[in-house]
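Chain residues, written in single-letter form:
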Amino acid sequence: AYLEPDRKYGYAYLDATRSALTFVDDLEKRKLAISIHVFYLDIFEDIVTRLSCSKENIKVFVTTTLDQKESVQEILQQNSFDFTIVPLPNHGRDVLPFIKILPIVIKEGFNFILKVHTKKSKHRRDGDLWRNDLYDKLLAHDRIEAAFDIFGSDFSVGIIGPEGHIVNMETYWGSNEANVLHLAERLNIERDLILDVPFIAGTMFYARVEALMPILELGLVESEFEIEEGQTDGTLAHVVERFISIGALQNGFKVSSFSGEYENEDNYMYVK
């Protein structure tokens, strides 16, 4: 119900409404925004290589630190991608940069987005295996086509996550429960609803932009995100990772995997 322009988000909500009204046309064009937060340049090169055969009707939106902007630009130019780079401080992991670039994606009229980042997870022995599994299940050319097929055939799907990485909220609270509930209170979302929502571990997924609007509605600001100290859980970034699915549900969307299989009465898939 919130459509008026404001100082913070400008015409983002109106643009999202316009995009929803032109949904069919955009789906036919297979137009996809790819949001990549770059911290590790070597991993970024891997992402670009994986996407090199999928340049048609995509645009890459990169967030990275100012000192890496030139290197990122060179890699993208060498691979002939259409791109926008937004230099930002190393703050808020991949989440705060995503919140900042999302209004740009909306302004450019994209209805669909793929969110990935250069994940290393050095605190995990299987960090490389985990990252490669996420990339294999998200970045292959057939997965981009498969995502559009799912969005086109089931209008209730708001987020598509990789198999094996969609996990039960209540089981995987970690140290985030109180803060997740606090964020939910900002949008008047009840606790009982939250417990039945899955989330995508790793924060990499395909989504309808419309399903992500509640992230902007939270009104999060930089000062709320902790200073980077190598935390492995409990930060606001970890909390928003879980809230993404909650917000999608609040907007009437569900979370799916590429398999399209759902395992409970509310049509959510849990993979433990």
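Description of the structure in this document. (Residues numbered from 1 in each chain as written. Predicted model: local features only at pLDDT ≥ 70, side-chain atom pairs only at ≥ 80, totals over all residues. Heavy atoms only, no water.)

1. Considering the overall build of the protein
Line of reasoning, step 1. Broken down by element type, the protein carries eleven helices and nine strands.
Line of reasoning, step 2. For the protein, with 272 residues in total, the buried portion stands at 53%.
Line of reasoning, step 3. A separation of at least 24 residues holds for 78% of the contacts in the protein among residues at least 6 apart in sequence.
Line of reasoning, step 4. Carbon and sulfur atoms make up 48% of the accessible area of the protein, which totals about 12400 Å². (Helix = DSSP H or I, 4+ residues; strand = E, 2+ residues; numbered from the N terminus. Buried < 20%, exposed > 50% of the residue type's maximum accessible area, 1.4 Å probe, protein only. Contact = heavy atoms within 4.5 Å. Areas by Shrake-Rupley, 256 points an atom, 1.4 Å probe, with all protein chains shown as cover.)

2. A look at the packing of aromatic side chains
Line of reasoning, step 1. With the rule as written, the count across this model stands at six aromatic pairs.
Line of reasoning, step 2. Arranged with centres 6.5 Å apart and planes meeting at 90°, the rings of F98 and F205 form a pair that is edge-to-face. Of this pair, F98 sits in helix 5 (residues 95-107) while F205 sits in strand 8 (residues 205-208), and the two are 107 residues apart along the sequence. The same class applies to F98 and to F205, which are both buried.
Line of reasoning, step 3. Ring pairing ties together the aromatic residues F112, F148 and F151, which thus form one cluster.
Line of reasoning, step 4. For K31, the ring lying beneath its charged end belongs to F110, and the centroid distance is 4.7 Å.
Line of reasoning, step 5. Of note, K115 hangs over the ring of F98, and the distance from its end group to the ring centre comes to 5.5 Å. (Phe/Tyr/Trp six-rings, centres within 6.5 Å; stacked < 30°, edge-to-face > 60°. Lys NZ or Arg CZ within 6 Å of the ring centre and 35° of its normal.)

3. Describing the sheet that holds strand 1 (residues 32-38)
Line of reasoning, step 1. Overall, mixed pairing links the seven strands, which are arranged 3-2-1-4-8-5-9 in an open sheet. The open sheet has two free edges, formed respectively by strand 3 (83-87) and strand 9 (254-257), since each of these has just one partner strand. Neighbour-to-neighbour, the strand axes of this sheet turn through a mean angle of 20°, independent of strand direction.
Line of reasoning, step 2. Note that strand 2 (residues 58-64) and strand 3 share five bridges and pair parallel. Residue pairing in the sheet places F61 in a bridge with T84 of strand 3. (Pairing = 2+ DSSP bridges. Axes fitted to C-alpha atoms, helices over the stretch in contact; angles between N-to-C directions.)

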